[in-house]
Amino acid sequence: MIETFGKLFVNASFVCTILAVIGYFIYSRNNRNTYFRVSNWLFGIQGIFLLVASGFLLYIILTHQFNFYYVYNYTSSDLQLKYLISAFWGGQEGSFMLWVLFSTILGLGLMKWTDEPYRGPVLFFLALTQVFLLSMVSGISFGDFTLGASPFRSLAEAMPNAPFLQSNPDFVPQDGKGLNDLLKSPWMMIHPPILFVGFSMMTIPYCFAMAALWKRKYHEWVNPALPWTLGANVALLTAIFLGGYWAYVTLSFGGYWAWDPVENASFVPWLLGTAGIHTMIIQRKSSTSQKASIIFAILAYVAVVYETFLTRSGVLSDASVHSFVDLGLYNQLVIFMVAVTAIGLGLFFYRYKDLPSQEKESKLLSREFMTFAGAMVLFLLGLVIILGTSSPIIGRLFVENPTPPEVSFYNEWTMPLGMIAAVLTVLGQYLFWKRQDAESLAYELTWPVAVSCVVALASIIIGDVKNIYYMVYLLTAWFALIGNGVIMVRLIKKNSLLIGGALSHVGFAVLLLGILASSAYNTNLLDESMEKYNAAIEQGKVTDEQGFKKTQKVNFLELKLNQPKIIGDKYKVTYQGYTLKNQERSGQQEYQIKFEPADGNGKQFTLHPQVYPMLSASSRSNIQWSVDPDVRAGLFSDTYLYVSGSSYVERKNEQAKENAPQTKPDSTAQEDSVATQKISVGKGQTIAIGHLDLKFHDYSKATDAELQDSTAVAVRANLEVWERGSDNSVNLKPMFSVYSKNGENWTYAPPVAVPGYKDATIQFSSIDPSNGEIELTVRGIDEKVQQEWVLLVAEEKPFISVVWLGTFLLMAGFSVSIFRHWNRERKEY
């Protein structure tokens, strides 16, 4: 029933949107209000239908209806409620629905706040984009062709060739595959919705630009479009920040940005949207840059659709850690991308001769030129990133399996462009708020340049910066910070609502400083022996078995259980064990690593990095592990830590290998290979066996039902057994009894299995009446006492807080600008 109604409501929404598109088109041509009102109703009804369908989807997720492919593929019965809810947008189908829902809400706002002559065309293009998005989840079949992938598909529909479904089409799995472990993070619960808010809002400047081209009203459209563009940029920036923070605290690459295609998918539209904001502001001020404003509004949305294609079509599934796999939407995504691009650029070039041109070229030292130059630098940044992201596709023209570019490609191109942008922000601001000639500008910039040089020099000396490139970078970043800071202070005195641009530029400068400090000056926290080893590597004193010099330094830190080490001359670090209790993921370990100041002064703290098996990629004989780092954030530096190996993980891998299919071993040889040892332990005593600790607590009585006939003595030993370092223990009660048979005394002491260990047993062998000690026969556990260890990567990351501060300042600057421009628009409305 839900399957039928779910599909029905999605497709009813799809049909309503198509009718709304037709109605808005007719209204835009003949301006009859009847068509506008009907189209608005249809648009609103499609939103209601989609909302109901979304309710159905959420219901089948929360009630674990694994007969639906979407529920089976992205959830499991052990998933916490918060992750069940976020599973709604964890897959492609749900995320498309969320995107359309946000667009619908924004469309209702556009109905109210958009003036003629743009109102009809803007809603026409918005509804048109929704037609494409809804087609992705319609699931309507035309013979062998199916339009989109319905989130209400059954397993049999989604996997018609699966043998278990061919034999039993009504088969319902007892559990689902579960949500990707990497997505089980609070940051991932809020990152996608905000990203789709940004994507939805970025549609609006595109719609306004297209409406301007349609109606040949090329100037006024920027007034209503500007606040929406600013809003889109704030949303995308927030999503970028959340995604970056998630990567920082969840992934083990040790940073917040890796130029992953999915990261770039939100960054490029943000860059192009920011470029568009600059040209829109110039257009408002001086009636220039009309062409640039329109083209950037179009390109920003085209970038959204293109990056959607890259991350959802499956073409980059091997190049990204979290891109979607292909759901068979490749052709539809291509059509969507081509349509949006062709309509946008086609209409732009069709109207090109009609677009107003600037009669006089802007002077070099003018706000128009500097702001336009800044926009072009942002455009070039976006272009470089698109080329890098697309290179695995472009490369197929030349090689069979092209690889994505190294991170260095992006860094080498974006850093110089970032430095140019930093300088232009200052020049642009000084020229924006006051007409200047070369002499007056030079005079105004004297102090900012001088102070920047002094501060940059101090930074170079304090930070021991030896790279010339970094020195120049620091100078430009400080110049951007101080120059824009001066302008901001002046504007605060004049009218605080004017500081949006200057504040954003200050945030950009702070971000540049934070990026350099946090990326180029990480230090690994190592113990003395490892530092000496690395120093020997640097001096070429270490060779391998063949006599070749080793060049690769070791950045790992090995800790034995409860054996502290001094690292980085700063901390005394102790591995205190791990817990398996109350963990979010099955098989997850949370380690306790205690940090104490080496000199005894200061606060101690404990970090809890985690390791867990990636169940979706693991098998009984091969476990794939993933890690969650832990971070202690500080004002000047963060302590970053993750586990790269441990004795527990090593044991689990060995156990998994034992589970691999193999030829049946000789039973006698197997029996001989099982290690057997006898140990004596007194009451209340704890002893070590292999990698286990065992404590004998007390005796207890054995019940009659378990005893042999004619039993004279029967007693149990209350044992507690745990893996060394773990707080997870099991209680065992092996029995020892003496009974009579045929006039002789016999003992009966059955061995008990140690849970989790194949062939491992403990047998209560005997009692020493003189001292109360018991003898245990232990089989399947190594005699040699093993030390528990953990292998860590510990880093000190300076000024990560500055990166976050710069991001927040950017957000604040955009937000102030939204408030200012929105207020102005409402007053004019």
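Conventions we followed
In this numbering scheme, every chain counts its residues from 1 along its sequence in written order. Local features in a predicted model are, by the rule used here, given only for residues with pLDDT of at least 70; side-chain atom pairs are given and counted only at 80 or more, and totals for whole chains, interfaces and linings are based on all residues. Side-chain descriptors were evaluated using all non-hydrogen atoms of the structure, hydrogens and water having been removed beforehand. UniProt positions are given in the numbering used here, feature names are shortened, and annotations may be inferred rather than shown by experiment. The helix count covers DSSP runs of H or I at least four residues long, the strand count covers runs of E at least two residues long, and both are numbered beginning at the N terminus. Here, axes are lines fitted to C-alpha atoms. For helices the fit covers the stretch in contact, and angles between N-to-C directions go from 0 to 180 degrees. Here the angle decides the label: under 35 degrees means roughly parallel, over 145 means roughly antiparallel, 65 to 115 means roughly perpendicular, and every other value means oblique. Two helices cross in a left-handed way if the nearer one is turned anticlockwise from the farther one by less than a right angle. They cross in a right-handed way if the turn is clockwise. Whether two residues are in contact is decided by their heavy atoms, any of which lying within 4.5 Å being enough. Polar contact criterion, stated in full: a pair of N or O atoms within 3.5 Å, where within protein one must be able to donate a hydrogen and the other to accept it, and residues adjacent in sequence count only if both atoms are side-chain atoms. Cysteine sulfur pairs qualify as disulfides if the two atoms are within 2.5 Å. Only strands that DSSP links by at least two bridges are regarded as paired with each other. Domains are outlined according to an automatic or database domain assignment. Once two parts are brought into contact, the accessible area they lose, counted with a 1.4 Å probe and summed over both, makes up the buried area. The term salt bridge refers to a pairing of a side-chain nitrogen on Lys or Arg with a carboxyl oxygen on Asp or Glu at a separation within 4 Å. The classification used treats Ala, Val, Leu, Ile, Met, Phe, Trp, Tyr, Cys and Pro as nonpolar, Asp, Glu, Lys and Arg as charged, and all other residues, Gly among them, as polar. Buried Ala, Val, Leu, Ile, Met, Phe, Trp, Tyr and Cys residues that are joined via side-chain atoms within 4.5 Å together make up what is termed a nonpolar core. A simple rule labels every residue: compare its accessible area, found with a 1.4 Å probe on the protein chains alone, to the largest value its type can have, and call it buried under 20%, exposed over 50%, or partly exposed in between. Only residues whose relative accessible area exceeds 30% and that form no salt bridge are eligible for patches; like-charged ones are grouped when within 9 Å, while nonpolar side chains (Val, Leu, Ile, Met, Phe, Trp, Tyr) are grouped when within 5 Å. Note on areas: Shrake-Rupley, 1.4 Å probe, and residue coverage restricted to the protein chains presented here. To estimate how far a helix should extend, the number of its residues minus one is multiplied by 1.5 Å. One confidence number per residue, pLDDT, is output by the predictor and ranges from 0 to 100. For this count, His and the chain ends are skipped, Lys and Arg are scored as positive, and Asp and Glu as negative. Every charge is mapped onto a representative atom, which is NZ of Lys, CZ of Arg, CG of Asp or CD of Glu.

Under an unreviewed UniProt entry, the chain has the name Cytochrome c-type biogenesis protein CcmF and belongs to Fodinibius salinus. The chain has a UniProt comment under Sequence similarities (unreviewed entry) that states "Belongs to the CcmF/CycK/Ccl1/NrfE/CcsA family."

1. Notes on the UniProt feature "domain: Cytochrome c assembly protein" (unreviewed entry) in the chain
The feature "domain: Cytochrome c assembly protein" (unreviewed entry), as annotated in UniProt, sits at residues 89-313 in this numbering. The distance from the first to the last C-alpha atom of residues 89-313 is 17 Å, and the span holds 69% helix and 3% strand.

2. Details of the packing of helix 12 (residues 290-312) against helix 14 (residues 367-394)
In the contact formed by helix 12 and helix 14, the axes pass within 12 Å of each other and the chain directions differ by 20°. For the element pair helix 12 / helix 14, the angle class is roughly parallel. Remark: the crossing between helix 12 and helix 14 carries left-handed chirality. Two secondary-structure elements touch here, helix 12 through A292, F296, L299, Y306, E307 and L310 and helix 14 through F372, A375, M376, F379, I386, T389, S390 and I393.

3. Side note on the environment of L179
If you trace the backbone, L179 turns up in the loop between helix 8 (163-167) and helix 9 (186-215). For the pair L179 and S726, spaced 547 residues apart in sequence, the C-alpha separation works out to 27 Å. Those residues in contact with L179 that lie beyond four places of it in its chain are Y74, T75, L79, Y83, S86, A87 and K184.

4. Details of the environment of Y83
Relative to the helices and strands, Y83 resides in helix 4 (residues 81-86). In sequence terms Y83 and E658 are 575 residues apart; their C-alpha atoms lie 34 Å from each other. With near-sequence residues (within four places) excluded, Y83 lies in contact with L179, L183, K184, S185, P186, M189 and E584. One polar contact links the side chain of Y83 to the main-chain carbonyl oxygen of K184, over a distance of 3.4 Å.

5. A few points about the state of the cysteines
Using the criterion set out here, one finds zero disulfides in the structure. Between C16, a free cysteine, and C207, which holds the nearest cysteine sulfur, the sulfur-to-sulfur gap is 19 Å.

6. Quick look at the sheet that holds strand 20 (residues 752-753)
The four strands are arranged 13-22-21-20 in an open sheet whose pairing can be described as antiparallel. Strand pairing shows two members of the sheet lacking a second neighbour, strand 13 (676-681) and strand 20, which therefore form its edges.

7. Side note on the domain arrangement of the chain
Domain boundaries assigned for the chain yield domain 1 (1-161 + 175-180), domain 2 (185-355) and domain 3 (528-656). Sorting the residues of domain 2 by area buried against domain 3 places Y248, T250 and S252 first, and these three jointly supply 71% of that buried surface. There are zero salt bridges connecting domain 2 and domain 3. Across the domain 2-domain 3 interface, the total number found is one residue pair in polar contact (both at pLDDT 80 or more). Residues of the side of domain 2 that touches domain 3, tallied by class, amount to four nonpolar, three polar and no charged.

8. Comments concerning the nonpolar core
With 202 residues, the main nonpolar core has W221, Y591 and I593 as its most contacted residues. Beyond its immediate stretch of four places on either side in the chain, W221 contacts Y118, P205, F208, A209, A212, M280, Q283, S293, I294 and A297. The next biggest cluster of nonpolar side chains, apart from the first, holds 24 residues, and it includes I687, L692, L732 and V738.

9. Observations regarding the pattern of salt bridges
Counted under the stated rule, the structure contains 20 salt bridges. A salt bridge links K553 to E538; the shortest N-O distance between them is 2.4 Å. Residue K553 is found in the loop between helix 19 (528-538) and strand 4 (557-560), and its partner E538 is found in helix 19; the two are separated by 15 residues along the sequence. The class of K553 is partly exposed, set by a relative accessible area of 33%. By relative accessible area, which is 59% here, E538 ends up exposed. The residue E788 makes a salt bridge to R651 at a minimum N-O spacing of 2.8 Å. With E788 in the loop between strand 22 (774-779) and strand 23 (789-798) and R651 in helix 20 (residues 647-658), this pair connects stretches of sequence that are 137 residues apart.

10. Observations concerning a nonpolar patch on the surface
There is a patch of nonpolar side chains on the surface, built from L380, L383, L387, I394, L397, F398 and V399 and spanning about 700 Å² of accessible area. You can see F398 is positioned in the loop between helix 14 and helix 15 (407-432).

11. Looking at helix 12
For helix 12, with 23 residues, the first-to-last C-alpha span of 33 Å sits near the 33 Å given by 1.5 Å per residue. By the criterion of burial, helix 12 is predominantly enclosed, with 22 of the 23 residues buried.

12. With respect to the side chain of Q677
In this fold, Q677 is placed in strand 13. Within polar-contact distance, the side chain of Q677 engages the backbone oxygen of I781 at 3.1 Å. When neighbours within four sequence positions are excluded, Q677 is seen to be in contact with I689, L776, T777, V778, I781, D782 and E783.

13. A closer look at unusual backbone geometry
Across the chain, the bulk of peptide bonds are trans and the bulk of non-glycine residues have phi less than zero. For the peptide bond that leads from E116 to P117, omega is 10°, which places it in the cis range. Residue position: P117 is located in the loop between helix 5 (92-113) and helix 6 (119-135). For N31, which is not a glycine, the phi torsion comes out positive at approximately 60°. Relative to the assigned elements, N31 resides in the loop between helix 1 (2-30) and helix 2 (33-62). In this structure, R216 takes a positive phi of about 60° despite not being glycine. Residue R216 is classed as partly exposed on the basis of its relative accessible area, which comes to 48%.

14. Quick word on the confidence of the model for the chain
In low-pLDDT regions, the fine details of the predicted coordinates are not to be read closely. On average, the chain scores 87 in pLDDT, and the residues at 70 or more come to 95%. Across the chain, the element-wise mean pLDDT spans from 52 in helix 21 (residues 667-673) up to 95 in strand 8 (residues 605-607).

15. Here's the deal with a negative patch on the surface
There is a patch of like negative charges on the surface, built from E650, E654, E658 and D759. Its place among the elements puts E650 in helix 20.

16. Some details on the packing of helix 16 (residues 438-462) against helix 17 (residues 468-494)
Between two packed helices, what matters for the description is the angle formed by their axes and the separation of those axes. Taken N-terminus to C-terminus, the directions of helix 16 and helix 17 make an angle of 135°; their axes are 8 Å apart at the nearest point. On the basis of the axis angle, helix 16 is oblique to helix 17. When the axes of helix 16 and helix 17 are compared, the crossing they make is right-handed. Listed contacts from helix 17 to E444, L445, P448, V449, V451, S452, C453, V455, A456, S459 and I460 of helix 16 are M471, L474, L475, W478, F479, I482, G483 and R490. Looking at the contact of helix 16 with helix 17 residue by residue, the classes come out as 14 nonpolar, three polar and two charged.

17. What about the environment of V754?
One can find V754 in the loop between strand 20 and strand 21 (761-767). You can call V754 buried: its relative accessible area is 4%. Placed 25 residues apart in sequence, V754 and R779 show a C-alpha to C-alpha distance of 9.7 Å. Contact partners of V754, with chain neighbours within four places excluded, come to L692, L732, A760, T761 and I762.

18. Notes on the pairing of strand 23
Here strand 23 lies mainly inside the structure; nine of its 10 residues are buried. Bridge count between strand 3 (residues 523-524) and strand 23: two bridges; the pairing is antiparallel. Looking across to strand 23, one finds that T523 is bridged to E796. Sheet topology places strand 4 next to strand 23; four bridges connect them, and they run antiparallel. If you follow K560 over to strand 23, its bridge partner there is W789. The pairing of strand 12 (residues 637-646) with strand 23 spans nine bridges and is classified as antiparallel. Bridge assignment links T639 to a residue of strand 23, and that residue is E796.

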